[in-house]
Every structure is written in structure tokens, then in C-alpha cells.
Amino acid sequence: MSDYPLRTFGRIKSRPIKPRQAALMTSLLPRIAIPEGRVEINALMPHAQAVWLEIGFGGGEHLAEQATRLPDTLFLGAEPFLNGVASALRHIDERGLGNVRLRAGDARALMSDLPDASLDRLIILFPDPWPKARHHKRRLVQTDFVAEAARTLKPGGRARFATDWADYADWALERFLSKPAFRWLAQTADDWRTPPADHVTTRYEQKRLGDCAPIWLEFERAGPDAYLKLTH
Ligand SMILES: C[S@@+](CC[C@H](N)C(=O)[O-])C[C@H]1O[C@@H](n2cnc3c(N)ncnc32)[C@H](O)[C@@H]1O
């Protein structure tokens, strides 16, 4: 789906994975890994009332907390950073979560495996900023990514994007709104300055590494007419 191979801002693996987490990589991960190829949502969790996808879940704190709050929702997570996957497995194991499935890899490949209109929510929290202009093409949010988001979200579904890099917020807003498939839900400045009520603070967010306070962009996937305009 993207012309650009996965380039992560950090490394895929930075420090040795702790023995307990390493054990979960061989025991738990194979049981909850999302297989390559077309994803059958029902096979992952029959009767799921909703499906969320979190892209780049980092250490998995947000994913695990949301999955705890919403036990009838299926949570898909994609993250290539193996220490992050190992950390998420620990949270999933400790909380005994049965509604989380992971892809240890590129979210863009996972999205292309998803059927049309399969997601209720798409969550992108503090993606790698790639602030230098010559690296902007490595950013996750690109025009073709937004088209995939439109394809995989159900009409009325939501996409949430947060960043603490002002230029990436502008960049994402421009791309999400370049097609009629998405409607920006903000009505006042408070809506993009204030974390959404159901947000769970992430590890990266706490580091405040960006050049501005966090910016929260919430989009709604418009109805089928807008989808046709996007794809034709
Ligand atoms: C800056 S970190 C933020 C992590 C987490 N969301 C948080 O807020 O703490 C960005 C994460 O996105 C992951 N990432 C980068 N490219 C990705 C891709 N194509 N698919 C899935 N995850 C990706 C990175 O490995 C990294 O863990």
C-alpha cells in the first residue's frame, strides 16, 4: 500500500527483552497474533460488538487499558518495535485480556489485510514525527494511508490522531481532509487542545519530546457517498 518501506524513528529492538516477556513472546504471542493474509474479524473474536485498531501502540499501556474498559470490543494492535510488543504482552497477560490481537509489524500491511468497513475506531497516538522535511515521506499519514483508513473504517467510525509536533498536526489535518471521506469533529479550539474524555495517557506523550502541547484530531468517517467520491 505504501511505496515506502517501514522506517521506524527508533529501532525495532533496543534492549534485551526481559526473560518473562521473552517467554510470553513464545507462549502468548503465537496465540493472539493476527495471521498474515485476509483477516476474518469473526474468526478473531466471534460476536465482537466493535473493532478498534491501534497503530504503533508502543508499550501497549493505552491498548491494554482500553481493552480492559471495553471487554466486548475486539482490539487489534500493530507495532514493529519488539520491546513494545513484549511489554504489551505483559499487560495482556497480567490483565487476562481475551479481546486483544496483535501484529508484530507494519500496521499498513495489517490494514491491507482488513476487509472494507471493518473498523469502528482507528487510533494513532504520537506517531514517529519525522520532523525534517526530507523525511516527511516516512510519516505514517500519507494520502494513500488516509484512503486505506477510509476503506477500513465503517461509515460513522472514528479516527483519532494525536501528536505534539505542530507541523505533523497540520500535515495530518490536510491529508485527512483532502478527501470527502473524513469530517473533522472539532468545533472549538478546546476540542483539539484537550485530550478526548476516554483517552489514556501514553508513555511517549508523557515525555513531551515535541515542539508543542499535544494536539488531538478526531475525524468521523462519512457515509457511503463520500467513499465513492474517494475511490473514483
Ligand atoms: C513515538 S512512538 C509512540 C508510541 C505510543 N503510541 C505512545 O504514544 O507511547 C511511535 C510508535 O509507532 C511505531 N510505528 C512506526 N511505524 C509504524 C508502522 N508502520 N506500523 C505500526 N507501528 C509503527 C513505532 O515503532 C513506535 O513504537
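If you're wondering where the values come from, they're calculated on a predicted model, not measured in any experiment. (Residues numbered from 1 in each chain as written. Predicted model: local features only at pLDDT ≥ 70, side-chain atom pairs only at ≥ 80, totals over all residues. Heavy atoms only, no water.)

**Student:** Help me out: how do you make sense of the site of the ligand in this one?
**Tutor:** If you check the shell around the ligand, you find 20 residues, and the closest are G56, E79, A107, L125 and T202. With respect to the ligand, the backbone of A107 contributes an N or O atom lying 2.9 Å from a nitrogen atom. Its free accessible area being 590 Å², the ligand has 89% of it covered by the protein chains. Every element with two or more residues in the shell around the ligand is listed here: α6 (107-113) and α10 (203-207). Here the residues of the shell around the ligand sort into 10 nonpolar, 5 polar and 5 charged. (Near = heavy atom within 4 Å. Polar contact = N/O pair within 3.5 Å; in protein donor to acceptor, adjacent residues only side chain to side chain. Areas by Shrake-Rupley, 256 points an atom, 1.4 Å probe, with all protein chains shown as cover. Helix = DSSP H or I, 4+ residues; strand = E, 2+ residues; numbered from the N terminus. Nonpolar A, V, L, I, M, F, W, Y, C, P; charged D, E, K, R; others polar.)

**Student:** Would you take a moment to explain helix α4 (residues 61-69) for this structure?
**Tutor:** Working note: α-helix, 3.6 residues per turn, so residues spaced by three or four point in the same direction. Listed in full, the buried residues belonging to α4 are E61, H62, L63, A64, Q66 and A67. Packed against the buried residues of α4 are β1 (50-55), β2 (73-78), α5 (82-95), β3 (100-103), β4 (119-125) and α10. (Buried < 20%, exposed > 50% of the residue type's maximum accessible area, 1.4 Å probe, protein only. Contact = heavy atoms within 4.5 Å.)

**Student:** So what exactly am I meant to see when it comes to the environment of I34 here?
**Tutor:** You can see I34 is positioned in the loop between α2 (29-32) and α3 (41-44). With relative accessibility at 4%, the residue I34 sits in the buried group. It is 8.2 Å that separates the C-alpha atoms of I34 and L76, two residues lying 42 residues apart in sequence. Among residues more than four places away in sequence, those in contact with I34 are V39, L44, L76, R101, L102, R103 and L110.

**Student:** Help me understand the sheet that holds β4, please; the structure alone is not making it clear to me.
**Tutor:** Adjacent strands of a sheet pair through backbone hydrogen bonds, lying either parallel or antiparallel. What the 7 strands build is an open sheet, ordered β3-β2-β1-β4-β5-β7-β6; its pairing is mixed. With partners counted over all chains shown, the strands left at the sheet margins are β3 and β6 (182-184), one partner each. Taking the axes of each pair of neighbouring strands and ignoring which way they run, one obtains an average angle of 20° across the sheet. Bridge analysis of strand β5 (residues 153-163) against strand β7 (residues 215-221) gives 6 bridges, and the strand direction is antiparallel. Looking at β7, one finds that A162 is bridged to W216. (Pairing = 2+ DSSP bridges. Axes fitted to C-alpha atoms, helices over the stretch in contact; angles between N-to-C directions.)

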